[in-house]
Amino acid sequence: MALMINDGCTACDACKPVCPNEAISVGDIIYVIDAAKCTECVGAEDEPQCKLVCPADCIEQNPDFVETPEELQAKYEALHA
């Protein structure tokens, strides 16, 4: 499942630099996560790094992008091929 940033985002920029897939970018008001690039850090880390560093605790599961760990791993490998 890809992650998403909710309206609690303070645009602090803590999450963007820790994303191994460069899936996080500045949106119009808050940061956004590109679901096509988000692997929840599968393939790179043991847990989502953006969630670890987010002081606003505003990063959650994106219900529109349900993926298995195997699918997330395949996506990570395709992004870094």
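Shown above is the structure to which this text applies.
This is a predicted model, so every value here is computed, not measured.

A. Representation of the overall build of the protein chain in the model. From N to C terminus, the protein chain includes two helices and four strands. In sequence order, the protein chain lays out its α and β elements as β-β-β-α-β-α. In summary, the protein chain has a C-alpha radius of gyration of 12 Å against a globular reference of 12 Å for 81 residues, a match within 12%. Taking the principal axes of the C-alpha coordinates as reference, the protein chain spans close to 30 × 25 × 20 Å. Considering only contacts in the protein chain between residues 6 or more positions apart, those separated by 24 or more positions represent 69%. When the accessible surface of the protein chain is summed, it comes to about 4800 Å², and 50% of that surface belongs to carbon and sulfur atoms. Charge centroids of the protein chain, computed over 4 positive and 16 negative side chains, lie 5 Å from each other.

B. Region of the structure containing the pattern of salt bridges. Applying the stated criterion to the full structure yields one salt bridge. Across the pair glutamate 67 and lysine 75 runs a salt bridge whose closest N-O atoms are separated by 3.0 Å. Judged by its relative accessible area of 22%, glutamate 67 is partly exposed. Taking the relative accessible area as the measure of exposure, lysine 75 reaches 14% and is therefore buried.

Here is what the cut-offs are and how they apply
Residues numbered from 1 in each chain as written. Predicted model: local features only at pLDDT ≥ 70, side-chain atom pairs only at ≥ 80, totals over all residues. Heavy atoms only, no water. Helix = DSSP H or I, 4+ residues; strand = E, 2+ residues; numbered from the N terminus. Rg over C-alpha atoms; globule rule 2.2 N^0.38 Å. Contact = heavy atoms within 4.5 Å. Areas by Shrake-Rupley, 256 points an atom, 1.4 Å probe, with all protein chains shown as cover. Lys, Arg positive; Asp, Glu negative; His and termini not counted. Charge placed at Lys NZ, Arg CZ, Asp CG, Glu CD. Salt bridge = Lys/Arg side-chain N within 4 Å of Asp/Glu carboxyl O. Buried < 20%, exposed > 50% of the residue type's maximum accessible area, 1.4 Å probe, protein only.

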